[in-house]
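# Tertiary structure, described
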Amino acid sequence: MALAFRGPTRVPVTLNVNGSVVKVLIEPRRTLLSVLREELGLTGSKRGCGRGQCGACTVIIDGETAYACLTLAIDCEGRQIRTVDGLAEGGRLHPVQEAFVAHDAYQCGFCTPGQVMSAVSLLEHNPHPSEAEIRHEMAGNLCRCGAYPNIVEAILAAAEEGEGHADD
Amino acid sequence: MPTIKVTKVEFEGRIEEREVIVEEENVPRWDADAQLDVVGKPTPRVDGVVRVTGQAVYTHDVQRSGMLVGRFLRSPHPHARIQHIDSSKAEALRGVWLVWHRGQPPPIGRIDGRDLFAQELVYEGEEIALVVACDERVAEDALKLIEIEYETLPFAPDLDTAIGQDAPPVFAGGGGNVIDPDGDVYERGDLERGRQEADVVVDLTFTTPIASHCCLETHGSVAQWEGDRLTVWHSTQSVWGTRSSSAEVLDIPQDQVRAICRYVGGGFGSKWGAERYTLAAALAARETGRMVKVLLDRREEHLAAGYRPSSKQRVRIGARRDGTLTFLDHEAWVVTGAYGGGGSIIGGPAKDLYRCPNVRTVVWAVRANTDAGRAFRAPGYVEGTFALEGAMDTLAAELGMDPLDLRLQNYAEESPARGIPYTVKGLREAYESGAERIGWRDREQATPKDGPWRRGWGMASQIWGGGGGPPANAMVKLLSDGTVDVLAGVQDLGTGTWTVIAQVAAEELGLPIDDVRVVIGDTEPTPFGPGSGGSVTLASITPAVREAAHDAKRQLADLAAYMLELSDASPQAFDIAQGEIVYRDDPDKRIPFREVAAKMGNYMIVGRGARGPNPDDKALNTFGAQFAEVEVNVETGEVRVRKVVAAHANGRIVNPLTAASQVYGGVTMGLGFGTMEGRVIDKRTGLQMTANLEDYRIPTIMDVPAFDVAFVGPVDVEANSVGGKGLGEPPIIPPAAAIANAVADAIGARVFDLPITPDRVLTALKQAQEEA
């Protein structure tokens, strides 16, 4: 009787996270966020609300941002998942990360992984966003500390940095 | 030599005289015009890279294989009695380690002077049972298997109900809902005389809602025992407070507790010592021999983690024809919850902002069937300033005066409440700077006649503490490769504490900031430091850091003197700058810091410093003024805040980069309080309708205005050896008031109730039309 509340048995799922392929054995009800954090130890993505309202868990799946707290891990098989934990390559920060540090685009930093991933995705889709486009695209990431003005500045600066690379 | 001294200690607007042990500092003060290399320069955070890469370990991120997770079952009723509880099915669930509740209590069942699990539940969200299981999902499955029969009871879920006629008692045993019917009264002068002297009197009533902190990292603790020693990771504003309160509630010596919080995802006044979930985690960890984590989820965060109390405030102000205040009478009722305390400093601004001889403030704390209210960033002062500054604007209109002129007419050159001078004030400079930046004197007097949008301007003043004080300690260790550890028992809420400590140590030691490693947020390696509340952190800890660095430098100079064959030279004869120790009388005699350090081998220089006393008989305050420009749509009631100019006087700004961030954040939070935030409670059920981040609206990146931030006023050389004062809370104090005043300016009608939502704007317009 009591066991009625347990989900189906665990199932094997193969995930591609930050370029590494990992196999996990998980209950089908597991969110991607809980698997990233608890099974893979990738605690960069945060749980602020668990219901898609704050954006602290934002990851990029097949090139599009997603709330990891509202995504089932079993739905991610065969898809490319990118998280903040794998963003810096070879010890070198991503230009968005660099710009966040330079422009003080955070305070407590808890929303920052989600902000960074949303900003990375934004610039991948739109390398030269206007300020209004930045505000529109970033509106799904709450920052209770109110670092918003510097988040806008950082993304503008990272876009400019990207432009510099394009000219090389 | 430490001495015992009676000194004024200030915390969140309350000033009391207390005996504290203080040491006189040896380090000379930095003058107003001191030439500094690191302090005062915009400096990216030293903890920045770990935050943007996701490497920073918050309490939420602490985990270990085999860790167990605890979850609370919470009351679904605002007021009920538990008739029967059966947890047998939950206990039988595979993966469940333990279930505790009133009928099956944990080894220690009391915290905050009351039972961990009460029989009479007095707010929605009160703890009923704890399940500890192998993971969160199993724990939540088990919660659903606990069977409870409730007897529901009448409830008073909000202020109006709680103080109304025939109010249901918050506790079934009765007792009034108003904690002290006499209220907390402050008086100076003769109110009656002030009334008689007044040519003009305003009498207005304002209300403010319950506001939730909404820290993005919810409250939580992780506990692990090693023998009889407990390590507790706690999302907190005070690691040392967590250590002492954990020891107290567990009845163990403090040396058996280590508290860690290197990174915290927001606090805003809501995260202090050991809480019910902390006790639960610690007890369950001891019981199971495992690490145990108990985090609140977002809904619990709204139900059981505190809030800014709602208020109803009646403000009466009288003035002579020239605007000189003759009396000020401020009455406030504040909801502090079922178990809330009786105190509130909502009358603080009315007491201490303006020169006025006859003042009375009264606060009645009121119980209601909600969880206990907590400090929330400038507690009381945000609400109190909204009412006071709204009334001042109405008074200015009655007198036909410019609102800024009315404030200047009543400018206090010394502390009105304490009758002593300030170290420095700077409010006049803030008024002048802010007015110039927004173009106050040239602002349009007429709003456009076409279209529905009306433009308006408003301003408000800010007073707060922020002077910090003893006790606060720091240690500096010089390592053999010439790098430095700075240890301090404080924590960084996101305000930039890591970085200002590194800056001050680097400045004093003449080292690049990259050679300084800061260790905070952990009681094990650090000496005592204060909790981060009341905007005290910077002004308390950075002077102690300076003193510790100075002490290390003196010892280093001794060694350098020996190495330079100047054994008779005193340590004061040497300067340390750019990584070199230089003999002042003969600058050719110099030796690199790293060379001295290398010769030390494993001999370690340890410098120690303690925060010295605050000046006697001087008031230490921070001041500021904010000016808002808004647009209001008279057809839809929509309010757009276009621009906020924030001018703040906080003495020396150690890091202009992070200081500006504090202002952006404070204004944004104040804008939320002014225009969108507020807990909605269904009067019929007594339940919260807004216990999430979508229905409880906080500002997004779309909502913030253009900012213009100015730091004004002199360096506060008398305040402490660094000359800076706290900036965490000041910026959130004026925004709601300034915006409300701007809305009134725009539409010619005042909204007295926060938040200023479209329906309230339209109602105010309609009332104004009917009156006209």
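What counts as what
- Residues numbered from 1 in each chain as written.
- Chains lettered and ligands numbered in written order.
- Predicted model: local features only at pLDDT ≥ 70, side-chain atom pairs only at ≥ 80, totals over all residues.
- Helix = DSSP H or I, 4+ residues; strand = E, 2+ residues; numbered from the N terminus.
- Rg over C-alpha atoms; globule rule 2.2 N^0.38 Å.
- Buried ≥ 20, exposed ≤ 12 C-beta atoms within 10 Å, placed from the backbone.
- Contact = placed C-beta atoms within 7 Å.
- Nonpolar A, V, L, I, M, F, W, Y, C, P; charged D, E, K, R; others polar.
- pLDDT = per-residue confidence, 0-100.
- Core = buried A, V, L, I, M, F, W, Y, C linked by C-beta atoms within 7 Å.
- Pairing = 2+ DSSP bridges.
- Axes fitted to C-alpha atoms, helices over the stretch in contact; angles between N-to-C directions.
- Domains from an automatic or database assignment.

## What about the overall build of chain B?
Along chain B, the regular secondary structure elements total 18 helices and 32 strands. The C-alpha radius of gyration of chain B comes to 28 Å, within 12% of the 28 Å expected for a compact globule of 772 residues. If you line up chain B on its principal axes, its C-alpha atoms span 90 × 75 × 50 Å. Looking at chain B as a whole, 59% of its 772 residues qualify as buried. For chain B, the share of sequence-separated contacts (at least 6 apart) that also reach a separation of at least 24 residues comes to 79%.

## What about the overall build of chain A?
In terms of regular secondary structure, chain A is built from five helices and five strands. Going from the N terminus to the C terminus, chain A shows its helices and strands as β-β-α-β-β-β-α-α-α-α. Scaling as 2.2 N^0.38, a compact globule of 168 residues should have a C-alpha radius of gyration of about 15 Å, and chain A matches this with 17 Å. When its C-alpha atoms are laid out on the principal axes, chain A stretches across 60 × 35 × 25 Å. Buried residues in chain A amount to 53% of all 168 residues. The contacts of chain A with a sequence gap of at least 6 include a subset with a gap of at least 24, amounting to 60%.

## Focus on the interface of chain A and chain B
At the junction of the two partners, chain A supplies 47 residues and chain B supplies 51 residues. Among the elements of the structure, α2 (95-102), α3 (112-125) and α5 (148-167) of chain A are those that each provide at least two residues to the side of chain A that touches chain B. Looking at the side of chain A that touches chain B residue by residue, the classes come out as 26 nonpolar, eleven polar and ten charged.

## Digging into the confidence of the model for chain A
In regions of low pLDDT, the predicted coordinates are not meant to be interpreted in detail. Confidence in the prediction for chain A averages 93 pLDDT; 92% of positions are at 70 or higher. For the stretch residues 1-5 of chain A, pLDDT sits under 50, and the model shows nine contacts to residues farther than four places along the chain or on other chains.

## Things to note about the nonpolar core
Residue and element names in this part refer to chain B. Counting residues in each nonpolar core, the largest one holds 285 residues, and the members touching the most others are Val-131, Ala-142, Val-486, Ile-501, Ala-505, Val-545 and Val-743. Element by element, the count of residues in this core is highest for helix α14 (residues 537-563), at twelve residues. Sequence-distant contacts of Ala-505, that is, excluding residues within four places in its chain, are made with Val-476, Val-484, Val-486, Val-516, Val-545 and Ala-549.

## Some thoughts on the sheet that holds strand β2 (residues 20-26) of chain A
Residues and elements named next belong to chain A. A sheet is described by the order of its strands in space; here five strands give the open sequence β2-β1-β5-β3-β4, paired in mixed fashion. The open sheet has two edge strands, β2 and β4 (64-67), and neither has a second partner. The average undirected angle you get between the axes of adjacent strands in this sheet is 40 degrees. In this structure, strand β3 (residues 58-61) lies alongside β4, joined through four bridges in antiparallel fashion. Bridging across to β4, Ile-61 finds its partner in Glu-64. Strands β3 and β4 of the sheet are contacted by α3, whose axis makes an angle of about 35 degrees with β3.

## Details of the domain arrangement of chain A
Residues and elements named next belong to chain A. Domain parsing of chain A yields domain 1 (9-86) and domain 2 (95-167). One C-alpha centre belongs to domain 1, the other to domain 2, and the line joining them spans 22 Å. Contact with domain 1, which involves 15 residues of that partner, is made by 13 residues of domain 2. Elements supplying a minimum of two residues to the side of domain 1 that touches domain 2: β3 and β4. Of the residues forming the side of domain 1 that touches domain 2, the biggest block, three residues, is contributed by β3. Tallied by class, the residues present in the side of domain 1 that touches domain 2 amount to six nonpolar, seven polar and two charged.

## Focus: the environment of B:Pro530
On the secondary structure map, B:Pro530 appears in the loop between β23 (516-519) and α14. The residues contacting B:Pro530, other than those within four sequence positions of it, are B:Ala472, B:Val490, B:Val536, B:Thr537 and B:Ser540.

## Focus: the domain arrangement of chain B
All names here are of chain B. Here chain B is partitioned into domain 1 (25-56 + 468-610), domain 2 (59-153 + 214-304) and domain 3 (424-456 + 623-772). On a C-alpha basis, the centres of domain 1 and domain 3 stand 38 Å from each other. Taken together, the contacts link 27 residues of domain 1 with 23 residues of domain 3. Put simply, the parts of the chain that give the side of domain 1 that touches domain 3 at least two residues each are α13 (497-509) and α14. Residue contributions to the side of domain 1 that touches domain 3 peak at six residues, all from α14. The residue inventory of the side of domain 1 that touches domain 3, partitioned by class, reads twelve nonpolar, ten polar and five charged.

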